[in-house]
Amino acid sequence: MQLVVARIGRAHGIKGEVTVEVRTDEPELRLGPGAVLATEPSSVGPLTIATGRVHSGRLLLRFEGVTDRTAAEALRNTLLIAEVDPEEVPEDPEEFYDHQLIDLDVVTRDGTEIGRISEVSHLPYQDLLIVRRPDGSEVLIPFVAEIVPEIDLEEQRAVIDPPPGLLDDSQAEIASSREDS
C-alpha cells in the first residue's frame, strides 16, 4: 500500500536541498537517508534520500542526483510516497494511518449514525475527517481527541462527541453578536 509521507517545498540554498512538508507521524522511519520514495507525478521519481536535517524547525532533504538549486526547484510540489505493508500499524496506539480510518462508520456517543469516513484531510494545524452522510452530504469533523474520543478498528467505527452546531447549524451557539456591544 502506498502512503503520501511528504510534499516537497521550496529549494533551500544552492546545493540541491529542499524544504519538506511532512505528512507522516514517523518521519525518521519514512524520510531517512537511503529511503527510496515513489513520487506524484511519477515521472519525477523514484527519489532516493541522500541526506536530511532540521533547520529552523523545517526538515530539509537532499536527493541523490539533485545537486543544485535549479534541479531542487524543479521538484517543488512533488508528493513523496512510501510503500507500506497494509498490516503495519503505528507504534503509538493513539495514531492511525489514513487507510485504517477510511470507511469507518461514524456514530455519536449515544449511537446515532452520522455516516462514513470518506477521506482524511491533512491541514497545517489539524487533520479533518470528511464524513459522507447517508443523504450524500458531507460533514467535516476535526480529528482531535475532544471531538473524536474513540476509534475502534475491530468494530470499524469512530465515536464522536460533536460540539453544538458541528452536525446541525441550527444548534450552533452564538458567542456574541454585534448588537450586544
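Colleague: When you look at the side chain of Thr19 in this model, what are you seeing that I'm missing?
Modeller: Position of Thr19 relative to the elements: it lies in strand 2 (residues 17-22). Setting aside residues up to four positions removed in sequence, Thr19 forms contacts with Arg7, Ile8, Gly9, Arg10, His12, Arg58, Leu59 and Leu60.

Colleague: Help me understand the sheet that holds strand 7 (residues 105-108) in this model?
Modeller: Working definition: the strands of a sheet are paired by backbone hydrogen bonds and lie parallel or antiparallel to each other. A sheet is described by the order of its strands in space; here 6 strands give the open sequence 10-9-8-7-12-11, paired in mixed fashion. Edge positions in the sheet fall to strand 10 (138-142) and strand 11 (150-152), since each of these pairs with one other strand and no more. For this sheet the average axis-to-axis angle between neighbouring strands, irrespective of direction, equals 35 degrees. Relative to strand 8 (residues 113-122), strand 7 runs antiparallel, the two sharing 3 bridges. Within strand 8, the residue paired with Val107 across the bridge is Glu113.

Colleague: Whenever I open this one, unusual backbone geometry confuses me. Can you help?
Modeller: Negative phi is the rule for most residues except glycine; trans is the rule for most peptide bonds. The step from Glu40 to Pro41 runs through a cis peptide bond, and the omega angle for that step is 10 degrees. Among the secondary structure elements, Pro41 is positioned in the loop between strand 3 (36-40) and strand 4 (47-55). Although it is not a glycine, Asn77 sits at a positive phi angle of roughly 70 degrees. Here Asn77 is to be found in the loop between helix 2 (69-73) and strand 6 (79-83). A relative accessible area of 49% places Asn77 in the partly exposed class.

Colleague: What is the right way to read the pairing of strand 5 (residues 58-63) from this model?
Modeller: Two faces belong to every sheet, and in a regular strand the side chains alternate between them. Sheet topology note: the strand 2/strand 5 ladder contains 4 bridges and is antiparallel. Bridged to Val20 within strand 5 is Leu59. Relative to strand 5, strand 4 runs antiparallel, the two being bridged by 6 bridges. Paired with Thr51 across the bridge in strand 5 is Arg62. The antiparallel hairpin formed by strand 4 and strand 5 contains 2 residues in its connecting segment, where Ser56 sits at a positive phi of about 50 degrees.

Colleague: I tried to follow the sheet that holds strand 3 on my own but got confused; where do I start?
Modeller: If you trace the 6 strands once around the closed barrel, you get 1-2-5-4-3-6, paired in antiparallel fashion. Strand-to-strand twist across the sheet, computed as the mean angle between neighbouring axes with direction ignored, equals 50 degrees. In the sheet, strand 3 pairs with strand 6 via 3 bridges, with the strands oriented antiparallel. The residue of strand 6 that forms the bridge with Thr39 is Leu80.

Colleague: Teacher, can you tell me more about the pairing of strand 9 (residues 127-132) here?
Modeller: As paired strands, strand 8 and strand 9 are joined by 6 bridges and run antiparallel to one another. Opposite Val120, over in strand 9, you have Leu129 as the bridge partner. With antiparallel pairing between neighbouring strands as the criterion, strand 8 and strand 9 make up a hairpin whose turn holds 4 residues. One ladder, built from 5 bridges, connects strand 9 with strand 10; its direction is antiparallel. Looking at strand 10, one finds that Val131 is bridged to Val139. Hairpin connection of strand 9 to strand 10: 5 residues between the antiparallel strands, including Gly136 at a positive phi of 95 degrees.

What counts, and at which threshold
Residues numbered from 1 in each chain as written. Predicted model: local features only at pLDDT ≥ 70, side-chain atom pairs only at ≥ 80, totals over all residues. Heavy atoms only, no water. Helix = DSSP H or I, 4+ residues; strand = E, 2+ residues; numbered from the N terminus. Contact = heavy atoms within 4.5 Å. Pairing = 2+ DSSP bridges. Axes fitted to C-alpha atoms, helices over the stretch in contact; angles between N-to-C directions. Buried < 20%, exposed > 50% of the residue type's maximum accessible area, 1.4 Å probe, protein only.

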